[in-house]
Structures are given as structure tokens and as C-alpha cells.
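Read off the chains here:
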Amino acid sequence: MDRDKLKKVKLGFDKITSNNSTNWKLVLFWIFFFEVIAAIFEFIFVDKYVEYSVSIPHTLTTEILVGLIVTAFVWYCIYNIIFDDPKSKFRLLILTLVGLYFIVTNDFSLQFLLNNLNPLHFLELDFGGVLILELLLKLIILYLIYQLIVSTKKK
């Protein structure tokens, strides 16, 4: 690729993720998004998740709690459709990501996600496609942290 195409790709990425370094909330959302995706990907393809994940047993209480949470989520989706508030769409996306994380990992204590935030956890992974994808996602998150710092300085 030549320089102009790379510059267009970078400008497009900056526009989507940070509104050209002007919206720190948007950057924070994308950091959270990529971190949850990286944690879910690592959970699926790496067998060391059992050390960090605290699973809650399925009892009547947890089923009622999950039912109430799903009901509140559906209500919030309907609210979002009726009133069409842009701020509530981001909240809905964040709730969807958290719910997806809980469903896939069954880790309600968020210990696996917190372990995934540790940059030194790469030393535990074997070399392969998972490590390369994790490093790529961490590099994207590192760039987004840079965009977060730039956007907060502009405020």
C-alpha cells in the first residue's frame, strides 16, 4: 500500500474510534470493546481460564437474578427503540458487551477480564495465532489509550 492509502485508513480509524481525538467517551468505549473481545477470544482458545474464572453455580436464586437482568435488558432495548436517544445506544452496547462476556465466560467476578488487562499475561501463552491476535488487539488498545490522552488534553 502506498502512503496515501495508509493515511486514509488511519484517518478513517481515528474518525470512527475517537472522532479525530475530540471525543474521549467514544475512545473509552472502543478500549472497553476491544478488551472484552480480546478476553472472550482468549477464553475460547486458551485453556488457562479456569485459574482466573470464578464460576457461580446454577441455583434458583441465580436463575431469578439472570431472568431479572434479561428482562431489564429487553426493557432497555424497547426504551431505546421508542425514544431513540444516542447516549442510550452506547449504554446499550456496553450492556450487550458485558452480557456477552458473562454468557460466554460464565465469570461473574470479572477476574478473567482483569487478568487479561495485565500486559504480562502474554508470557503464559504459547506462540501461535492466539498470541498474534492478542498482541494485535493490545496494540490497537495502546493506540486508543494514546488517542484518549490526546482527546483529554484537547478538552
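My aim in this report is to walk through the structure given alongside it, one point at a time. These figures come from a predicted structure and were not determined experimentally.

As for the overall build of the chain
In step 1: Each helix and strand in the chain was counted, giving six helices and zero strands.
In step 2: Counted from the first residue to the last, the chain has its helices and strands arranged as α-α-α-α-α-α.
In step 3: Here the chain holds 155 residues, and the buried ones make up 29% of them.
In step 4: Looking at the chain alone, contacts between residues at least 24 apart form 69% of all its contacts between residues at least 6 apart.
In step 5: When the accessible surface of the chain is split by element, carbon and sulfur atoms take 72% of a total near 10,700 Å².

A closer look at the pattern of salt bridges
In step 1: Within the structure shown, the criterion is met by one salt bridge.
In step 2: In this structure, Glu35 and Lys138 form a salt bridge, with 2.8 Å as the shortest nitrogen-oxygen distance. Of the two residues, Glu35 is situated in helix α2 (residues 24-45) and Lys138 in helix α6 (residues 129-154); the sequence distance between them amounts to 103 residues.
In step 3: With a relative accessible area of 6%, Glu35 lands in the buried category.
In step 4: Residue classification places Lys138 among the buried residues on the basis of a relative accessible area of 15%.

Side note on the layout of surface pockets
In step 1: Space inside the largest pocket adds up to approximately 610 Å³.
In step 2: Along its surface, the largest pocket is lined by 20 residues, and Val66, Ile69, Phe102, Ile103 and Phe108 are the ones closest to its centre.
In step 3: Secondary-structure elements contributing two or more residues to the lining of the largest pocket are α3 (60-83) and α4 (86-105).
In step 4: Among the elements that take part in the lining of the largest pocket, α3 stands out by supplying eight residues, more than any other.
In step 5: Its residues assigned to classes, the lining of the largest pocket shows 14 nonpolar, five polar and one charged.
In step 6: Taken as a whole, the second largest pocket encloses approximately 220 Å³ of empty space.
In step 7: Every residue along the wall of the second largest pocket is listed here: Asn23, Lys25, Leu26, Phe29, Lys87, Phe90, Arg91 and Ile94.
In step 8: Of all elements in the fold, only α2 and α4 reach the threshold of two or more residues within the lining of the second largest pocket.
In step 9: Ranked by the residues each element gives to the lining of the second largest pocket, the list is headed by α4, at four residues.
In step 10: Of the residues contributing to the lining of the second largest pocket, the split by class is four nonpolar, one polar and three charged.

Some details on a nonpolar patch on the surface
In step 1: Together, Val66, Val70, Val74, Ile78, Ile82 and Phe83 line one region of the surface with nonpolar side chains, adding up to about 560 Å² of accessible area.
In step 2: As for its placement among the helices and strands, Ile82 is situated in helix α3.

Considering the environment of Val130
In step 1: The residue Val130 is located in helix α6 in this model.
In step 2: Take Val130: its relative accessible area is 18%, and that puts it in the buried class.
In step 3: Along the chain, Val130 and Ala38 lie 92 residues apart, while their C-alpha atoms are 9.6 Å from each other.
In step 4: Setting aside chain neighbours within four positions, we find Val130 in contact with Phe41, Phe45 and Val46.

Details of the nonpolar core
Most often, soluble globular proteins keep nonpolar side chains buried together rather than apart.
In step 1: In terms of nonpolar packing, the biggest core is built from 19 residues, with Trp30, Ile31, Phe34, Val36, Tyr101 and Leu144 touching the most fellow members.
In step 2: If one sorts the elements of this core by residue count, α2 sits on top with eleven residues.
In step 3: Sequence-distant contacts of Ile31, defined by excluding residues within four places in its chain, comprise Ile141, Leu144, Ile145 and Leu148.

Reading the values: the criteria
- Throughout this document, residue positions are counted from 1 along each chain, in the order its sequence is written.
- Under the rules for a predicted model, residues below a pLDDT of 70 receive no local features and side-chain atom pairs below 80 are neither given nor counted, while totals for whole chains, interfaces and linings still include all residues.
- Only hydrogens and water are set aside when side-chain values are computed; all heavy atoms of the structure are taken into account.
- Put simply, DSSP H or I for four residues or longer makes a helix, DSSP E for two residues or longer makes a strand, and each gets a number counted from the N terminus.
- Exposure categories follow from relative accessible area, calculated using a 1.4 Å probe and restricted to protein chains: below 20% of the type maximum is buried, above 50% is exposed, and the middle band is partly exposed.
- A contact between two residues is defined here by any heavy atoms of the two lying within 4.5 Å.
- Working definition of accessibility: Shrake-Rupley area with a 1.4 Å probe, residue cover restricted to the visible protein chains.
- A carboxyl oxygen of Asp or Glu within 4 Å of a side-chain nitrogen of Lys or Arg is what we treat as a salt bridge.
- Grid spacing is 1 Å over the protein atoms alone, the probe is 1.4 Å, and a cavity is where that probe fits but cannot get out, while a pocket is an open set with protein on both sides within 12 Å along at least five of seven lines and lining residues have an atom within 4 Å of a point.
- Grid points are joined across faces, edges and corners, and a volume is the space filled by probe spheres set on the points.
- Three classes are used, and their members are as follows: Ala, Val, Leu, Ile, Met, Phe, Trp, Tyr, Cys and Pro are nonpolar, Asp, Glu, Lys and Arg are charged, and the others, Gly among them, are polar.
- Distance thresholds for patches are 9 Å for like charges and 5 Å for nonpolar side chains (Val, Leu, Ile, Met, Phe, Trp, Tyr), applied to residues having over 30% relative accessible area and no salt bridge.
- As used in this record, nonpolar core signifies buried Ala, Val, Leu, Ile, Met, Phe, Trp, Tyr and Cys residues forming a set joined through side-chain atoms within 4.5 Å.

Everything listed here is a matter of coordinates, which is why it stays silent on function.
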